[in-house]
Amino acid sequence: MSAPLYQLKAEFFKTLGHPVRIRVLELLSEREHAVSEMLTEVGVEAAHLSQQLAVLRRANLVVPRREGSAVYYSLVNPQVAELLRVARSILSGVLTGQAELLADLKAAEPDTTPPTRRRRSS
């Protein structure tokens, strides 16, 4: 019996749930990149990048290509780039809403400065 679609979707999104993997996919959304290029762009150790690329390969999101001693990666499906664009748009809306909510909360805060002390006349 195959897994329900919602479970497969959850696994897919788990695969995307790492900042290095997202950054790699963003880079590959622009064009094919050599691993050496990605190292400087992503800013992690080579072993860590290799590990994250392996996760993306196993998920069939990226494909490697050898050229001499260099290894290049590209997206298997250009819709991954579209998914990242949609995620950015959703986040932009969420953050805008949060900023507006924060502004509303600050505007609704009561004045917490203590009143000026008055001197009593004797």
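Residues numbered from 1 in each chain as written. Predicted model: local features only at pLDDT ≥ 70, side-chain atom pairs only at ≥ 80, totals over all residues. Heavy atoms only, no water.

Caption draft 1: Fine view of a nonpolar patch on the surface. A contiguous nonpolar surface patch, about 240 Å² in accessible area, is contributed by V86, I90 and V94. Summarising the element assignment, V94 is placed in helix α5 (residues 79-108). (Patch = residues over 30% accessible without salt bridge, like charges linked within 9 Å, V, L, I, M, F, W, Y side chains within 5 Å. Areas by Shrake-Rupley, 256 points an atom, 1.4 Å probe, with all protein chains shown as cover. Salt bridge = Lys/Arg side-chain N within 4 Å of Asp/Glu carboxyl O. Helix = DSSP H or I, 4+ residues; strand = E, 2+ residues; numbered from the N terminus.)

Caption draft 2: Expanded view of the pairing of strand β2 (residues 62-67). Looking at chain direction, β2 and strand β3 (residues 70-75) are connected through six bridges and run antiparallel. Paired with V63 across the bridge in β3 is S74. Counting the residues in the hairpin turn of β2 and β3 gives two residues, including G68, whose phi is positive at 65°. (Pairing = 2+ DSSP bridges.)

Caption draft 3: Seen up close, the layout of surface pockets. Approximately 200 Å³ is the volume found for the largest pocket. Contributing to the lining of the largest pocket are I22, E26, S29, L84, R85, A87, R88 and L91. Residue assignment for the lining of the largest pocket shows that the elements contributing at least two residues are α2 (19-30) and α5. Take the lining of the largest pocket: its biggest share by element is five residues, from α5. Considered class by class, the residues forming the lining of the largest pocket number four nonpolar, one polar and three charged. (1 Å grid on protein atoms, 1.4 Å probe; cavity = no way out; pocket = protein on both sides within 12 Å on 5 of 7 lines; lining within 4 Å. Points joined across faces, edges and corners; volume = space filled by probe spheres on them. Nonpolar A, V, L, I, M, F, W, Y, C, P; charged D, E, K, R; others polar.)

Caption draft 4: Seen up close, the side chain of H33. When you line up the elements, H33 lands in strand β1 (residues 33-34). Only 3.4 Å separates the side chain of H33 from the backbone oxygen of L27, close enough to count as a polar contact. (Polar contact = N/O pair within 3.5 Å; in protein donor to acceptor, adjacent residues only side chain to side chain.)

Caption draft 5: Region of the structure containing the packing of aromatic side chains. Going through the model one piece at a time under the given rule, you end up with one aromatic pair. Relative to F13, the ring of F12 has its centre 5.4 Å away and its plane inclined at 75°; by these criteria the two rings are edge-to-face. Exposure remark for F13: the relative accessible area of 46% places this residue in the partly exposed category. Cation over ring: R65 sits above Y72, and NZ or CZ is 4.6 Å from the ring centre. (Phe/Tyr/Trp six-rings, centres within 6.5 Å; stacked < 30°, edge-to-face > 60°. Buried < 20%, exposed > 50% of the residue type's maximum accessible area, 1.4 Å probe, protein only. Lys NZ or Arg CZ within 6 Å of the ring centre and 35° of its normal.)

Caption draft 6: The arrangement of the side chain of R21 in detail. The residue R21 is located in helix α2 in this model. Here R21 occupies a buried position and makes no salt bridge, while the nearest side chain of opposite charge, E11, is found at 9.5 Å. (Lys, Arg positive; Asp, Glu negative; His and termini not counted.)

Caption draft 7: Local environment of the pattern of salt bridges. Enumeration according to the criterion identifies seven salt bridges in this entry. Taking the shortest distance from any N to any O, the salt bridge between E41 and R23 comes out at 3.5 Å. With a gap of 18 residues between them, E41 in helix α3 (residues 35-42) and R23 in helix α2 connect regions that are remote in the sequence. Overall, the relative accessible area of 27% leaves R23 in the partly exposed class. Between R65 and E67 there is a salt bridge, with its nearest N and O atoms 2.8 Å apart.

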